[in-house]
Amino acid sequence: TLRRMEHRYRQLMRKVRLYLLTEVRKKSWASKFLSARVFDPVYWSWNRQSVATGAAWGAAAAIAPLPMQSLWGVFASLWRKGNIPVAILMAWLSPPGFTFFAIPAQWWLGWFLFSLVGLPTSGANWQMLKTGVQQWSWAPFDGLSIGMVSLEFLTGWIVSSVVLGCLCYGLVQLGWGIGHFLRSRRKAAGK
């Protein structure tokens, strides 16, 4: 069944690529360049390295507080030759409203890392954050260094994205290896 699914996937990708390449001739220079690059078979191949790279970039983009996270996953996959459909699917991991919870958590992670290393922190705490959210106001944060809060948030965001991306990369590699091991055992037992 896995081979049949892979065969269907390859057939579908061939049809999509053929259609898009014929449509590219009708587009502008920038569209032609981007379409030719995005639909290069390298970025759509179904192999261990490509899928793991696409999953890692998509997951890292999923928790980024940026609009259009799927696009960031695609751009990162173009940069590092990851599987584009997998990157898009992984970027859809973040449900609507997730950013509302991720931003404070990423700020706290940055604050925790700063205090762990001994760097000066902004002085913000969970109580201020809770009060600010309950009142929908920035008033509890008056007098704090916005630059320092931003630096803590940026640090937490980068660290959490890297950790989640590495975790997804490792899990896909591990899952792919286990699947390959089980298939080879099943094939050996069938002989």
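Throughout what follows, the structure given in this document is the object of discussion. All residue numbers refer to positions counted from 1 along the written sequence of the respective chain. Two thresholds apply to this predicted model, a pLDDT of at least 70 for residue-level local features and 80 or more for giving and counting side-chain atom pairs, whereas whole-chain, interface and lining totals are computed over all residues. Neither water nor hydrogens contribute to the side-chain values; these are computed over all heavy atoms in the structure.

### So, the packing of aromatic side chains
Within 6.5 Å between ring centres, the rings of Phe, Tyr and Trp (the latter by its six-membered ring) count as paired, and their orientation is classed by plane angle as stacked under 30 degrees, edge-to-face over 60, tilted in between. For the coordinates displayed, the defined rule picks out 6 aromatic pairs. Aromatic pair Tyr-9 and Trp-46: ring centres 5.3 Å apart, planes at 55°, arrangement tilted. Pair noted here: Tyr-9 is in helix α1 (residues 2–24) and Trp-46 is in the loop between α2 (29–38) and α3 (48–62), with a separation of 37 residues, a long-range link. Judged by centre distance (6.2 Å) and plane angle (45°), the rings of Trp-46 and Trp-176 are tilted. Note that Trp-46 is positioned in the loop between α2 and α3 and Trp-176 in helix α8 (residues 146–190), a separation of 130 residues in sequence. Given a relative accessible area of 24%, Trp-176 falls into the partly exposed group. An aromatic cluster is present here, built from Tyr-9, Trp-46 and Trp-176 joined pairwise through their rings. Looking at Arg-80, its charged tip hangs above the ring of Trp-79, at a distance of 4.7 Å from the centre. For helices the rule is a DSSP run of H or I covering at least 4 residues; for strands it is a run of E covering at least 2, with both sets numbered from the N terminus onward. Partly exposed residues are those whose accessible area sits between 20% and 50% of the maximum for their type, while under 20% is buried and over 50% is exposed, using a 1.4 Å probe and protein chains only. A ring is considered to have a charge above it if a Lys NZ or an Arg CZ atom is located within 6 Å of its centre and within 35 degrees of its normal.

### Observations concerning the environment of Tyr-169
Tracing the backbone through its elements, the reader meets Tyr-169 in helix α8. Counting along the chain gives 106 residues from Tyr-169 to Ile-63, while the straight-line C-alpha distance between them is 15 Å. Contacts are assigned to residue pairs that have any heavy atoms within 4.5 Å of one another. Apart from the residues lying within four places of it in its own chain, the contact partners of Tyr-169 are Gln-49, Ala-52, Thr-53 and Ala-56.

### Some points on α8
One fewer than the residue count of a helix, multiplied by 1.5 Å, yields its expected span. Taking 1.5 Å per residue, 45 residues should reach 66 Å; α8 reaches 65 Å between its end C-alpha atoms and fits that length. Of all the residues in α8, the buried ones are Met-148, Glu-152, Phe-153, Gly-156, Ser-160, Ser-161, Gly-165, Cys-168 and Gln-173. In the core, the buried residues of α8 are packed alongside α3, α5 (84–91) and α6 (98–117).

### Focus on the pattern of salt bridges
By convention in these notes, a salt bridge is any Lys or Arg side-chain nitrogen within 4 Å of a carboxyl oxygen on Asp or Glu. This structure, assessed with the given rule, holds 1 salt bridge. A salt bridge links Glu-6 to Arg-10; the nearest nitrogen and oxygen atoms lie 2.6 Å apart. You can see Glu-6 and its partner Arg-10 sitting in helix α1, 4 residues apart, about one turn around the helix. Residue Arg-10 is classed as partly exposed on the basis of its relative accessible area, which comes to 38%.

### A closer look at unusual backbone geometry
Most peptide bonds take the trans form, and the phi angle of most residues other than glycine is negative. In this structure, Lys-81 takes a positive phi of about 55° despite not being glycine. With respect to the helices, strands and loops of the structure, Lys-81 is situated in the loop between α4 (69–80) and α5.

### Description of α5
Taken residue by residue, α5 has Ile-84, Val-86, Ala-87, Met-90 and Ala-91 as its buried positions. Projected onto a plane normal to the axis of α5, the buried residues spread over an arc of 160° and lie on a single side. Any pair of N or O atoms that falls within 3.5 Å is considered a polar contact. Within protein, one atom must be able to donate a hydrogen and the other to accept it, and sequence-neighbouring residues count only if both atoms are side-chain atoms. With a side-chain oxygen lying 3.2 Å from the backbone nitrogen of Val-86, the N-terminal cap of α5 falls on Asn-83. This arc corresponds to the set of directions leading from the helix axis out to the C-beta atoms.

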